[in-house]
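# Residue-level structural notes
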Amino acid sequence: MIPLTNLYENPVSYREVTEVNDDNSFMTNTFISHVEIKDQLPYTNLIPEYSPYSEFTDMGFYRGRQKETYYYSSDNTLVKSKNIIII
């Protein structure tokens, strides 16, 4: 069985990454973080234990996925944008 969780890993803590090119144009990528998708904790347990038998949903496999990309020219004008659909 392969768990689809990041329960035992470090959480994704960034929401935006900017790559600057040699000509000062840049590309900004946005990612899904814990702000958009939170874990669904159980209503029956106030302090969920971290074990494979706990009844709660870890939504960590959704976080860190790319959401949008923006391309800017060297004078800070938006040249192109791309929305990425995540299902």
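This text goes with the structure placed above it.
Residues numbered from 1 in each chain as written. Predicted model: local features only at pLDDT ≥ 70, side-chain atom pairs only at ≥ 80, totals over all residues. Heavy atoms only, no water.

### A closer look at the pattern of salt bridges
Heads up, the rule is: Any carboxyl oxygen of Asp or Glu within 4 Å of a side-chain nitrogen of Lys or Arg constitutes a salt bridge here. Strands here are runs of E lasting at least two residues and helices are runs of H or I lasting at least four, both read from the DSSP assignment and numbered beginning at the N terminus. Think of it in three bands: with a 1.4 Å probe and only protein chains considered, a residue is buried below 20% of the maximum accessible area for its type, exposed above 50%, and partly exposed in between.
Summed over the entire model, instances satisfying the criterion amount to two salt bridges. Here E36 and R15 are joined by a salt bridge, their closest N and O atoms 2.8 Å apart. One end of the pair, E36, is in the loop between β2 (26-31) and β3 (66-72); the other, R15, is in the segment before β1 (16-20), with 21 residues separating them in the sequence. By relative accessible area, E36 is classed as partly exposed at 33%. Its relative accessible area of 42% is what places R15 among the partly exposed residues. For K67, the salt bridge identified is with E36, shortest N-O distance 3.2 Å. With K67 in strand β3 and E36 in the loop between β2 and β3, this residue pair connects regions lying 31 residues apart in the sequence. Ionic contacts of the salt-bridge type, sharing partners, join the residues R15, E36 and K67 into one network.

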